[in-house]
Each structure stands twice: as C-alpha cells, then as structure tokens.
Amino acid sequence: MARELHLNAFLMSVGHHEAAWRLPETDPHADIDVEHFKNLARIAERGKLDSVFLADGPVLWDQVGRRPSGVLEPTVLLTALAGATSHIGLIATASTTYNEPYNLARRFASLDIVSGGRAGWNIVTTAGLDAARNFNLDHLPAHKERYERAAEFVDVSLKLWDSWDDDAVLADKENGVWGDDAKIYPAAHEGRFYQVAGALNVPRSAQGHPVLVQAGSSENGRNFAAEYAEAVFTAHQTLADAQEFYDDLKRRAAEHGRDPDHVKILPGIVPVIASSTAEAEEKEAELNRLIRPEYALPQLAALLGVDVTTLRLDAQLPDDLPEEEAIEGQKSRRTLVVNLGRREGLTVREIIARLGGGRGHLTFAGTPVQVADAIQNWFENGAADGFNIMPPVLPSSLDDFVNQVVPILQERGLFRTEYSGRTLREHYGLPRPANRNTGTPILI
C-alpha cells in the first residue's frame, strides 16, 4: 500500500497569527464560542483530515491585550466536537506536571468512548514558572525531573486504561451477572511520583486507549517520544533540520524495540494561501504589520532567558545569550529561534514577525500548488509523515487549505479521498494495542 500523508488541523481561536483577531473578517470573541469550533471541525472533516488538535496549558497565556486569550478546557470542548462530527480525530494537550494520572486517564478514556475511539492525548511536561505558581509551587521543576515524572505518569495511565479486559462486561441478565471481576485489574502502582491503587471506572475503548502524542524536541523530549509517542508534533524551519529530527527519532524508536512506522512525525506549517505568490506574501505582510511589538518582546525575552531591556527591535540578538544548559523551559523551541535569528541575520523585529504566525513553526506563503509542493517535498524526502496544519486566520485559512490544497494532494495520490476507518488509530494506520494485562490483542 502506498504511503499516505497525515494531516491534522491545529485550531487556535481565530488563527495562529497573533494579529488575526484584528482583521475585519474575524470574530474577536470566537475563542470561547463552541459553534465556531464546531464549524472548524466540520471543515476539517470535510477535507478528510486525520484530526483536529487543541493546545492547552494551565496558565493564562500572554497579556490579554495581545490576542484573544480565553481557552476552554480541551477535553470538554472536544466532547462537544465529537457530537458535531463522525470521523475526525480529537487530540487535546494535557500536562503531566499539573495533573494526576487517575483523573486525566479517566477524562481521556471518557472522551475516547464518547467519540467512538477518536481521542488522542498530546503529552506535555509544561514549562514556565507562571504555571508552577498556579499549583502551589514556588519554582519550576527541573526539565529532567518533569520528563521522569511524565514517563511514570504515562505508565500509570496505560495501566489504568488496561484495567478492564475487552470482554469484562458480561451483561448476563439471566444469571444476574453484569461483569466479570476476574477481568478487572487494579493498577496497584507504587512509584517515585505516584501511588495509584485501583482500577479505572471507565471500560476499555474501541481503540484500546487514546493515541499518545508528544510535542517536545529536546534530548529528553526525543527519548520520551521514542519510548511512548505514536505521533510527534514538532517545529522546524529547514528541510535539513527536519530530516535530522526524523531520522534520529525513527532510530531511537527502533532502539526501543518499536516499529518506526508506528511513530508519525508531523511538523507544523502555517500556510498563507492566495492565487499568486505576490498576493500571498502581501497577506502575510498585512498580518505582520498588525503585530504590536511591545506585547511580543517580553515573550521573546522569556523564551531566550534574558531581560527584556537587552533586546533592541532593530538590532540582532545579543551575542551573550545564556547557554542552553541554563534554560529549563522550552529548550528545543528556544534553540530553534536562536538558530533562525543567527542563520538569517534577523533583527529582533524581524524575528517577532516570523514568530507571529507560528511561534517557530514553518510559515509558507504561496499558491495552493506551491503549498502542496512544499508538503510533498518534505513528505517524500524523509522529513515528515505529514503535517500539523496551523491556519493563520480562522476559519478562512482552513477553508482555503481544505478547498484548494487538499484536492491537489488527493489528485497526486498522497492523501485520502475518504476515511477508511472510524478511529484515530485507523486514520494513522496504527494497530490497536494489546491489553498489557492479558497480552491478547483484540482486532477491530
């Protein structure tokens, strides 16, 4: 069977570009409008995309003056989207640093059942002191410790999702036996970070358990992804960097005894689409002109680990930036931004413009054919198994991608024309995992 692209729609309020809300076409209140997100999910499903994805964090992002800042709890919102769609996958971010395994495993298992097996969990460890202070902490846990905690968190979650056999429910009315207690397995977990005794109170889902997604590209992040992730969201500016990451992560997965084809690597791309290259570049420039640097500067300074007073808008990055080892949060994204600025000799103002659309993800302005060519190039040259599509303006940019780019990819035989299954695992071509308590896989 020919290899096919995987495409997710990464949804963010009125678009990924921070100034999208200032355009006449957008609704600045759409960040908490469920109907807005239902419409986006239906557009993505019309394009036969694999999933919609919602990022999240346990903290108020940015200054509220900068952009729409309301963020509905994603598993709640995706539950609403599950009822508005029938096939498209539903992926949400949730932190292993600021949750407990039992509660989170239950939320995702519930979403998986409500949606008929379409749920995915984007596992993050969460950087930033602001988040820590929302959870009774006065310091950010160390980068390495956050990943050690995440590994144990996922192990516990897998035990919980496997705490019911697929045939544990008997529903035997004649003999008055609803379920078989011999087919229930308490987690009985006692570890460094967690003690979880009982079984989950939600049965095993149609796809076994939610698809595990990961989005960190640091050394610790790569090791974690190689061991656990079934899809990896990542950010790269160049084909060469994407190829290095792709080869490295596939190799690490194989070293863990996993099939590298069962780890889907999906860089982000922000497509600015128009009928001509010049028109697309002008659309991008119009958005960039609406950025207010005074909001963007503090965020850039925090990412770089410097005082905001050391950054000058019309100068390049300072030569004496802190060493990477001194940075505890967003290590891989910080490295990407520094390399981008150094490689292209960008001023701070130009870096802010480049980050305004995708926060370090690849931004591409061009015609539908040019966008399709760029996607195909990375896909066919060992850089990606597909892409996280990050529309700069919503809903119009997602509509443009579905109406104008997807048909080109379909005509080239690179992307599905119909869904062949109902679960997110089937969309990704992933096997249903065996219950680790029984060792017996159940085929869908």
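Residues numbered from 1 in each chain as written. Predicted model: local features only at pLDDT ≥ 70, side-chain atom pairs only at ≥ 80, totals over all residues. Heavy atoms only, no water.

1. Focus on helix 3 (residues 101-114)
Phase 1: With 14 residues, helix 3 should reach 20 Å at 1.5 Å per residue; the first-to-last C-alpha distance of 20 Å fits that figure.
Phase 2: What helix 3 keeps buried is the set P101, L104, A105, F108, A109, L111 and D112. Summarising the axial view, the buried residues of helix 3 lie within an arc of 160°, below the 170-degree limit, and thus occupy one face.
Phase 3: Structurally, helix 3 contributes buried residues whose contacts are with helix 2 (74-84), strand 3 (89-95), strand 4 (119-124) and helix 5 (143-161).
Phase 4: The first or second residue beyond helix 3 is G116, which carries a positive phi of 75°. (Helix = DSSP H or I, 4+ residues; strand = E, 2+ residues; numbered from the N terminus. Expected span 1.5 Å × (residues − 1). Buried < 20%, exposed > 50% of the residue type's maximum accessible area, 1.4 Å probe, protein only. Arc of directions from axis to C-beta. Contact = heavy atoms within 4.5 Å.)

2. Remarks on empty space enclosed by the protein
Phase 1: By the definition in use, this model includes one cavity of 30 Å³ or more.
Phase 2: If you add up the space inside the largest cavity, you get close to 40 Å³.
Phase 3: Around the largest cavity, the lining residues are A109, W161, L200, V202, P203, R204, S205, G208, H209 and P210.
Phase 4: Its residues assigned to classes, the lining of the largest cavity shows six nonpolar, three polar and one charged. (1 Å grid on protein atoms, 1.4 Å probe; cavity = no way out; pocket = protein on both sides within 12 Å on 5 of 7 lines; lining within 4 Å. Points joined across faces, edges and corners; volume = space filled by probe spheres on them. Nonpolar A, V, L, I, M, F, W, Y, C, P; charged D, E, K, R; others polar.)

3. So, the side chain of D112
Phase 1: Topologically, D112 is positioned in helix 3.
Phase 2: There is no salt bridge for the buried D112, and the closest opposite charge comes from R425, which lies 6.6 Å off by N-O distance.
Phase 3: Sequence-distant contacts of D112, defined by excluding residues within four places in its chain, comprise G117, R118, A119, S205, Q207, H209 and P210. (Lys, Arg positive; Asp, Glu negative; His and termini not counted. Salt bridge = Lys/Arg side-chain N within 4 Å of Asp/Glu carboxyl O.)

4. Side note on the packing of helix 1 (residues 34-46) against helix 2
Phase 1: One way to put it is that helix 1 packs onto helix 2 with a least axis distance of 9 Å and a crossing angle of 55°. Between helix 1 and helix 2, the interaxial angle falls into the category oblique. Here helix 1 and helix 2 pass one another in a crossing that is right-handed. When helix 1 is examined against helix 2, the residues V34, F37, K38, A41 and R42 are found in contact with a partner set consisting of L77, A80, L81 and A84.
Phase 2: Taken together, the residues of the contact of helix 1 with helix 2 sort by class into seven nonpolar, no polar and two charged. (Axes fitted to C-alpha atoms, helices over the stretch in contact; angles between N-to-C directions. Parallel < 35°, antiparallel > 145°, perpendicular 65-115°, else oblique. Left-handed = near helix turned anticlockwise from the far one by under 90°.)

5. Some details on the nonpolar core
Phase 1: Core analysis: the biggest nonpolar cluster contains 69 residues, and L49, V52, W121, W161, I375, F401 and L409 have the highest contact counts within it.
Phase 2: Tallying contributions element by element places helix 5 first for this core, with nine residues.
Phase 3: With sequence-adjacent residues up to four places away left out, W161 is seen in contact with A105, F108, A109, W121, L200, R204, G208, H209, P210 and L212.
Phase 4: Among the nonpolar cores identified, the runner-up in size contains 22 residues, and A301, L311, L340 and I351 belong to it. (Core = buried A, V, L, I, M, F, W, Y, C linked by side-chain atoms within 4.5 Å.)

6. Side note on the pattern of salt bridges
Phase 1: Following the criterion strictly, the structure yields 24 salt bridges and no others.
Phase 2: Salt-bridge contacts for E230 lead to R425; the nearest nitrogen and oxygen are separated by 2.6 Å. Taken together, the positions of E230 in the loop between helix 6 (219-228) and strand 10 (231-234) and R425 in helix 14 (residues 424-428) put the pair 195 residues apart, joining distant regions of the chain.
Phase 3: Take E230: its relative accessible area is 11%, and that puts it in the buried class.
Phase 4: Residue D248 is joined to R252 by a salt bridge in which the shortest nitrogen-to-oxygen separation is 2.8 Å. A residue pair is termed a helical-turn pair when its members lie 3 or 4 positions apart in one helix, as D248 and R252 do in helix 7 (residues 239-255) at four residues. The residues D248 and R252 share a single accessibility class, namely buried.
Phase 5: One continuous salt-bridge network, built from bridges that share partners, spans E219, R222, E244, D248, R251, R252 and E255.

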